[in-house]
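A closer look at the structure
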Amino acid sequence: MPQDDLLELAMKHNFWTWSMQQCPSVINVKKSQGVYFWDQDDKRYLDFNSMVMCVNIGHGNQHVKQAMIDQINELPFVGPHMVSKPKALLGEKLASITPPGLDHFLYTLGGSDANENAIKIARDYTGKVKILTRYRSYHGATMGAMALTGDRRRLHWEPAVMPGVVHFLDPFRYRSVFFKGRGLVPDSVYTQAYLDNLEEVIRFEGPQKIAAILLEPITGTNGIIIPPEGYMKGVREICDHHNILMIFDEVMTGFGRTGKMFASEHWGVKPDIFTMAKGLTSGYAPLGAVAMKRDIFDFFKDKTFFGGMTYTGHPVSCAAAIANIEVIQQEKLVENSATRGETLKQLLQEIKAKHPCVGDVRSIGLFGVIELVRDGLTREPFTEPDKPLKAIMARVKDEIIKHGVFLYNTFHMILIIPPLIITDDQLREGFAVIDRALDLADADIKQG
Ligand SMILES: Cc1ncc(COP(=O)(O)O)c(C=O)c1O
């Protein structure tokens, strides 16, 4: 079928969601392999976004595909109340890679409902209702997960989202309002200011009312914000002091993305619960999970957990997850993420040194961002979070995609989230295209 006919047909009966509606150019994908995918015209794209930040092991992996085929042949479906081999084996496999003590799992369909279920669990377990999350955060698109989300994506539905969520400020150094214009503040002072602020929020909200604090350990689509030294340890101490559960949303950061299997390992801080999805199957099948500590698991042994859906623990998804983790381990992809992450860091620094439009770059493992500004001193972003995508930002992104590098931007931030199998040469290949496209942004600044 010709490309145009296929596009027309795709648009005719299907209801498309925000990520597609806000996408300036639609790509009609035909096939994918490794770090690349191809459209219907056989144009090749280097995947700098792992499609939707999830294809950690790369596209078209034969081991995962075969595991899914075998599972479909053996047993394509069982009910959520039935035992199956892949579900049993996945629990064991996950327990072997999650931080010690966080080795009991509830399966979900993806990241949003993993967070929703984490909240249900925390509320039941603590008998408290309020949840604290940060403003610069995204936790999913269902109504509960939207309520947890701090960024402007929540605003569309407000106030009709799940009640009981309170947001607080995140320690984002580049755009911190606390120390604006006061020079370089040492990490310890900076960290303490944000922890004090959190304490203050808890005091006013009432610790006896707060079930949990839920955080992305490293903020994803809101700009790869890496917490300062001591911050996560401080949040853990605050949680312990007030008898509040700590929940990490590792939906994007899990499974090697940041150079560790899970991002919590960077600080040796253990949450009580954490959620995962995306890299759990590398997108080969829909699956999420909630990991919890033993006490919480035991709490529900004689209490009904009011949750679960028809496809909870779907055997094909569980089989895909097991094979996916095997690939991550056998191909040493966590290690590759850390090593290639050093190359990514260097390439980001080179881009920053060269282009006046680059205000800041940040990365950890293969999780990076380029922040575009109009003015390096005022840090005025190319486009504000509450304004439509400025034409120049769309042109920069289009230019990159036109030259065969697929990536994602949140407003003025370009995210770099490639498959963990990427090589140094492939990273350089992508950065050469980004480098040229940023000349457009530089020229736009010059024109004023
Ligand atoms: C940090 C984080 N949490 C939750 C979600 C929601 O996951 P899903 O789209 O699988 O529902 C996402 C999706 O991008 C995410 O990045």
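Below is a short write-up of the structure. Bear in mind the structure is a predicted one, so any value in this text is a computation, not a measurement.

**As for the pairing of strand E8 (residues 245–249)**
- Among the 5 residues of E8, 5 are classified as buried, and the element is accordingly described as predominantly covered.
- In E8, alternate side chains face the same way, and those of Leu 245, Ile 247 and Asp 249 on one face and Met 246 and Phe 248 on the other are all buried.
- Sheet analysis places strand E7 (residues 210–215) next to E8, joined by 4 bridges and oriented parallel. Bridge pairing in E8 links Ala 212 to Leu 245.
- At this point the chain moves from E7, through helix H9 (residues 231–242), to the parallel E8, and the crossover so formed is right-handed.
- With 3 bridges joining them, E8 and strand E9 (residues 273–276) adopt parallel strand pairing. Paired with Asp 249 across the bridge in E9 is Thr 275.

**Regarding H9**
- Across its 12 residues, H9 extends 17 Å between first and last C-alpha, which sits within 8% of the 16 Å expected from 1.5 Å per residue.
- Three or more residues of H9 are buried, namely Tyr 231, Met 232, Gly 234, Val 235, Arg 236, Ile 238, Cys 239 and His 242.
- Buried residues along H9 sit against strand E5 (130–134), strand E6 (165–168), helix H8 (187–205), E7 and E8.

**Some points on the pattern of salt bridges**
- Throughout the structure, instances matching the rule amount to 24 salt bridges.
- Residue Lys 30 is joined to Asp 42 by a salt bridge in which the shortest nitrogen-to-oxygen separation is 2.8 Å. Here Lys 30 is found in strand E1 (residues 29–33), whereas its partner Asp 42 is found in the loop between strand E2 (36–39) and strand E3 (44–47), with 12 residues between them in sequence.
- Here Asp 360 ties to Arg 362 by a salt bridge, and the two come within 2.8 Å at their closest N and O atoms.
- Put simply, Arg 175, Asp 360, Arg 362 and Glu 371 are held in one network by salt bridges that share partners.

**Regarding the environment of Gln 22**
- Inspection of the secondary structure puts Gln 22 in the loop between helix H2 (18–21) and E1.
- Sequence spacing of Gln 22 and Asp 435 is 413 residues, and the spatial spacing of their C-alpha atoms is 24 Å.

**Remarks on the sheet that holds E6**
- Strand order in the open sheet formed by 7 strands is E4-E10-E9-E8-E7-E5-E6, with mixed pairing between adjacent strands. Of all the strands in the sheet, the pair left with one neighbour each is strand E4 (104–108) and E6. Each strand of the sheet is rotated relative to its neighbour by a mean of 20°, with strand direction disregarded.
- Packing against the sheet, helix H5 (residues 85–97) makes contact with E4 and E9, and its axis sits at approximately 125° to E4.

What counts as what
- Numbers given for residues are sequential positions, taken from 1 along each chain in its written order.
- Selection of residues for local features in this predicted model requires a pLDDT of at least 70, selection of side-chain atom pairs for listing and counting requires 80 or more, and totals for whole chains, interfaces and linings are taken over all residues.
- Processing note: side-chain calculations cover all non-hydrogen atoms of the structure and skip hydrogens and water entirely.
- When accessible area is computed with a 1.4 Å probe and restricted to protein chains, residues below 20% of their type maximum are described as buried, those above 50% as exposed, and intermediate ones as partly exposed.
- Counting from the N terminus, the helices are DSSP H or I runs at least four residues long and the strands are E runs at least two residues long.
- The rule for pairing is simple: two strands pair if DSSP sees at least two bridges between them.
- Orient the strands so they point away from the viewer, and a crossover whose first-strand-to-second-strand path over the helix runs clockwise is right-handed.
- In this scheme, a helix's expected span is set at 1.5 Å multiplied by one less than its residue total.
- Any pair of residues with heavy atoms lying within 4.5 Å of one another is described as a contacting pair.
- Every case where a carboxyl oxygen of Asp or Glu lies within 4 Å of a side-chain nitrogen of Lys or Arg is listed as a salt bridge.
- Axes, fitted as lines to C-alpha atoms, cover a helix only where it is in contact. Angles between the N-to-C directions of the axes lie from 0 to 180 degrees.

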